[in-house]
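# Remarks on the overall topology
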Amino acid sequence: MAQRPGPGRPAEPRPNPLIEAGIEYIDYKDTTLLRKFVSDRGKIRSRRVTRLTVQQQHAMARAIKNAREMALLPHATPVR
């Protein structure tokens, strides 16, 4: 039996943003795309939030880490 949508539960599954945009390859040099998947503190957003598949999330994390290494994106800032 399927669960009914309740408070805090979406009625339909949310679409995958990369599939909707037609993006097949995640490039570390595409900082405008990568910034959408990084929080304002510089942390990589989770799959639950980004709605990516497992393979896409791994590729996204790898691209973000490469972009950080090349100083295209900031590292996570510590909270004081």
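Residues numbered from 1 in each chain as written. Predicted model: local features only at pLDDT ≥ 70, side-chain atom pairs only at ≥ 80, totals over all residues. Heavy atoms only, no water.

### Quick word on helix H4 (residues 54–69)
Between its first and last C-alpha, H4 extends 23 Å over 16 residues, near the 22 Å set by a 1.5 Å rise per residue. Among the residues making up H4, those that are buried are Gln56, Gln57, Met60, Ala61, Ala63, Ile64, Ala67 and Arg68. Angular distribution of buried residues about the axis of H4 spans 165 degrees; they occupy a single face of the element. Across from the buried face of H4, at angles greater than 90 degrees, the exposed residues are Gln55, His58, Arg62, Lys65 and Glu69. Structurally, H4 contributes buried residues whose contacts are with helix H1 (17–21), helix H2 (31–35) and helix H3 (47–50). Looking one or two places after H4, you find Ala71, whose phi comes out positive at around 65 degrees. (Helix = DSSP H or I, 4+ residues; strand = E, 2+ residues; numbered from the N terminus. Expected span 1.5 Å × (residues − 1). Buried < 20%, exposed > 50% of the residue type's maximum accessible area, 1.4 Å probe, protein only. Arc of directions from axis to C-beta. Contact = heavy atoms within 4.5 Å.)

### So, the nonpolar core
Of all hydrophobic cores here, the largest spans 12 residues; its members are Leu18, Ile26, Leu33, Leu34, Phe37, Val38, Leu52, Met60, Ala63, Ile64, Ala67 and Leu73. Elements with a contribution of two residues or more to this core: H2 and H4. Ranked by residue count, the leading element in this core is H4, at four residues. With residues up to four places along the chain from it excluded, the contact list for Phe37 reads Pro17, Leu18, Lys43, Ile44, Arg45, Thr50, Leu52, Met60 and Ile64. (Core = buried A, V, L, I, M, F, W, Y, C linked by side-chain atoms within 4.5 Å.)

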